[in-house]
Amino acid sequence: MKILRLSILACIMVLASCEDVLENEFKNPDKFGNVEGAIPGMFTAMLNQGTFYIKDYGEWWNQLTNGTGIVAYSQISERYVTDRYTWFKEYHDVTNGNGFDDTHVRNWFENFYVKLKNWAFIRDNVALLEGEQQVNAKVYYDLATIMKDWAALRNVDLFNSIPYFEAFRGSEGFFTAKYDDPKLIYRNILDELKEISERLPAEHAAMSSAAKAELTNQDIALKGNVEQWIQYANAIRLRAAVRLAGVDRDFAVAHITDIIAKGSLPTVDLQWQIPVVDPPNAGGLWMRGLYEASYATFIPKVMLNAMMGKKNNKVDSVYEVGVDDPRLPVIAMPTKYKDYRPVTMDADWQKAGYLATEKYYGTQTATPLSSFLEQNSKSMYSHVTFMYNKFPAYMMSLAEVDLLLAEAVLKGLATTGKSAGEHMYDAVIHSTDYWYYINSLSTYADNVADAGFKNLLKPAKPDAASIAAYANTIKTNFEAAVDEEAKMEILMLQKYVHINMVEPYELFTDLRRTRHPKLEPFKLGNIVMTPQPERLRYPTSEFETNTENYLEVAGQDNFTTPVFWVPANKINESYYQQ
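How each quantity is defined
Residues numbered from 1 in each chain as written. Predicted model: local features only at pLDDT ≥ 70, side-chain atom pairs only at ≥ 80, totals over all residues. Heavy atoms only, no water. Helix = DSSP H or I, 4+ residues; strand = E, 2+ residues; numbered from the N terminus. Areas by Shrake-Rupley, 256 points an atom, 1.4 Å probe, with all protein chains shown as cover. Contact = heavy atoms within 4.5 Å. Buried < 20%, exposed > 50% of the residue type's maximum accessible area, 1.4 Å probe, protein only. Arc of directions from axis to C-beta. Core = buried A, V, L, I, M, F, W, Y, C linked by side-chain atoms within 4.5 Å. Expected span 1.5 Å × (residues − 1). Polar contact = N/O pair within 3.5 Å; in protein donor to acceptor, adjacent residues only side chain to side chain. Salt bridge = Lys/Arg side-chain N within 4 Å of Asp/Glu carboxyl O. Axes fitted to C-alpha atoms, helices over the stretch in contact; angles between N-to-C directions. Parallel < 35°, antiparallel > 145°, perpendicular 65-115°, else oblique. Left-handed = near helix turned anticlockwise from the far one by under 90°. Nonpolar A, V, L, I, M, F, W, Y, C, P; charged D, E, K, R; others polar.

## Some thoughts on the overall build of the protein chain
Phase 1 of the analysis: Within the protein chain, the regular secondary structure consists of 25 helices and 6 strands.
Phase 2 of the analysis: For the protein chain, the accessible surface area stands at approximately 21,800 Å², while carbon and sulfur atoms represent 53% of it.

## Regarding the environment of A481
Phase 1 of the analysis: If you trace the backbone, A481 turns up in the loop between α21 (464–480) and α22 (484–499).
Phase 2 of the analysis: If we skip the residues at most four places from it in the chain, A481 touches A486, K487 and I490.

## With respect to helix α9 (residues 209–218)
Phase 1 of the analysis: Every buried residue belonging to α9 is among A211, L215 and Q218, and all of these are buried. Along the axis of α9, the buried residues cluster in a sector spanning 70°; they form a single face. Turned more than 90 degrees away from the buried face of α9, the exposed residues are S209 and A210.

## As for the nonpolar core
Phase 1 of the analysis: In terms of nonpolar packing, the biggest core is built from 184 residues, with I146, W229, Y232 and W272 touching the most fellow members.
Phase 2 of the analysis: A total of 14 residues in this core trace back to one element, the largest contributor, which is helix α7 (residues 131–159).
Phase 3 of the analysis: Leave out the neighbours within four places in its chain, and Y232 touches Y53, I146, W150, L270, M395 and M396.

## Details of helix α18 (residues 398–410)
Phase 1 of the analysis: Between its first and last C-alpha, α18 extends 18 Å over 13 residues, near the 18 Å set by a 1.5 Å rise per residue.
Phase 2 of the analysis: Most of α18 sits inside the fold, with 13 of its 13 residues counted as buried.
Phase 3 of the analysis: Downstream of α18 by a residue or two, G412 has a phi angle that is positive, lying close to 70°.

## Observations concerning the side chain of Q532
Phase 1 of the analysis: When you line up the elements, Q532 lands in the loop between β6 (527–529) and α24 (540–545).
Phase 2 of the analysis: At 2.8 Å, the side chain of Q532 and the backbone oxygen of Y73 are in polar contact.

## Description of the pattern of salt bridges
Opposite charge on two side chains permits pairing when their charged atoms draw close.
Phase 1 of the analysis: What the rule picks out here adds up to 36 salt bridges.
Phase 2 of the analysis: A salt bridge links K178 to D180, with the shortest nitrogen-to-oxygen separation between them at 2.3 Å.
Phase 3 of the analysis: Exposure remark for D180: the relative accessible area of 4% places this residue in the buried category.
Phase 4 of the analysis: E198 serves as the salt-bridge partner of K194, at 2.8 Å between the closest nitrogen and oxygen. Of this pair, K194 and E198 both sit in helix α8 (residues 182–206), 4 residues apart, roughly one helical turn.
Phase 5 of the analysis: K194 sits in the partly exposed class, given a relative accessible area of 24%.
Phase 6 of the analysis: Among the charged side chains, a network of salt bridges with common partners joins D157, R239, R243, E400, E407, K411, K495, E506, D510 and R513.

## Structural notes on the packing of α7 against α8
Phase 1 of the analysis: Running from N to C, α7 and α8 cross one another at 155°; their axes reach a closest spacing of 9 Å. Classified by the angle between their axes, α7 and α8 sit roughly antiparallel to one another. As α7 runs across α8, the sense of the crossing is left-handed.
Phase 2 of the analysis: Along the lines of polarity and charge, the residues of the contact of α7 with α8 split into 15 nonpolar, 2 polar and 8 charged.

## Digging into the packing of helix α6 (residues 117–126) against α7
Phase 1 of the analysis: Here α6 crosses α7 at 150°, and the two axes come no closer than 9 Å. Regarding the angle of α6 to α7, the classification is roughly antiparallel. Judged by the twist between their axes, the crossing of α6 over α7 is left-handed. Every residue of α7 that contacts α6 at W119, I122, R123 and V126 is listed here: Q134, A137, K138, Y140, Y141, A144, T145 and K148.
Phase 2 of the analysis: Residues that form the contact of α6 with α7 fall into these classes: 7 nonpolar, 2 polar and 3 charged.

So this is what it looks like as structure tokens:
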């Protein structure tokens, strides 16, 4: 209990320190006596909310600890499973919830309404302003709306129907909001983001010089760069439209065509350093849950195979520059053998090795990197790149946009001037740049004595020709694939490699929508299990406080009802390799 109390105290101290930084550097809206002064602070507070761009400590730890959350069922990250973990015997149960655990992630439903209440404040109070004051404040409302729309789309992706059109309208008497058709929410948000992206340039141009300078200071994410906010809005539109296309093709195509015609998609990775004061070797606030649950961050076979070009292997693999994925050493951590070995979902096969010498170091507290390098027989996500790093908050990346464009071209949703294969090529190039940049931010491997390990943990970036050669291999394999489904398998594997633990819930969404990549069946006690939750359940508070409206959607409050954007021909398709 003493350890628990100390951990809680540490959390409180870290959060308090972050709050002090914000109060010192940015306007605190609670300390302003006028509406105009409060709006910039409310906007900054929205950006700094945990569980949105800045990951929440508990979000990571609770999702990872038992190995029964979204990242495990999607095979993005796993525990090193054998039958010593008895609870995995019910892994197949996504009907009663004895296997799949969504307890903590379910908080996202309520967080959307509670933590984004500042959006309603900004909306209502911008309307009260007049003249130059209102002109200077309009941009904050539009930028806040982009954030609100992104978060709303994420909740639809997880829960399907959500209260939306009557949400945030307590000032008008809507204290219990009805659940809305998720397709209508998607349509509304796509239209709204289009309108915002079109009016933002003029709104920003009309601001006074002092107001523009204040926006630069208050915008802790993109530093008042309105063009980048427009690019971000269009990237969200692109992501949403590609997802919508399987059930509402014409509407989605109209948006994708408009986005491409305007040519305003991200030109750089949109990410930013969060205002925290804890040192990198403490994991950073938003990565702390990862290192405390490092025992659940092993690389699954579906991921490692994608990076090493092998299929169905259960053997060790030495990384070869120019042959294997150049991102491998900055995403995965080497084993004690200085090679890369995945965990397999065949827990029965895995048992013999575990009982012999294939153990691992799985402490829940910060520890010297040498302990992991000396003991680990399977590859984890890189502690250097992820856990002990000033990992930036992620909004959007060039490689994710490339992969969305590749899917749009592949499915005939758009023409971009490039083939789908060329967009795949671009994705590998941009993703490699992204991951070597992230790895470069960490100093955690500087004191590793073994030069071989150090070169694997902090590798020199391969030369441009080697990276291009690998990107061309992916492009060639993609173009040679026999049909659209085979191409989508390659595309989604690349999305897994690129996004991995940065935004695993985006992968969970696209996995359910596309049924790719095909996962490895889970085998334990000679029983083969192939489960996959289709959505999350609503929090119990909805039945208690919004009873009448909840009962209208109670029939879909389970793990087995697909989200609306799953195409009809995909609903009964297996998630698993045959």
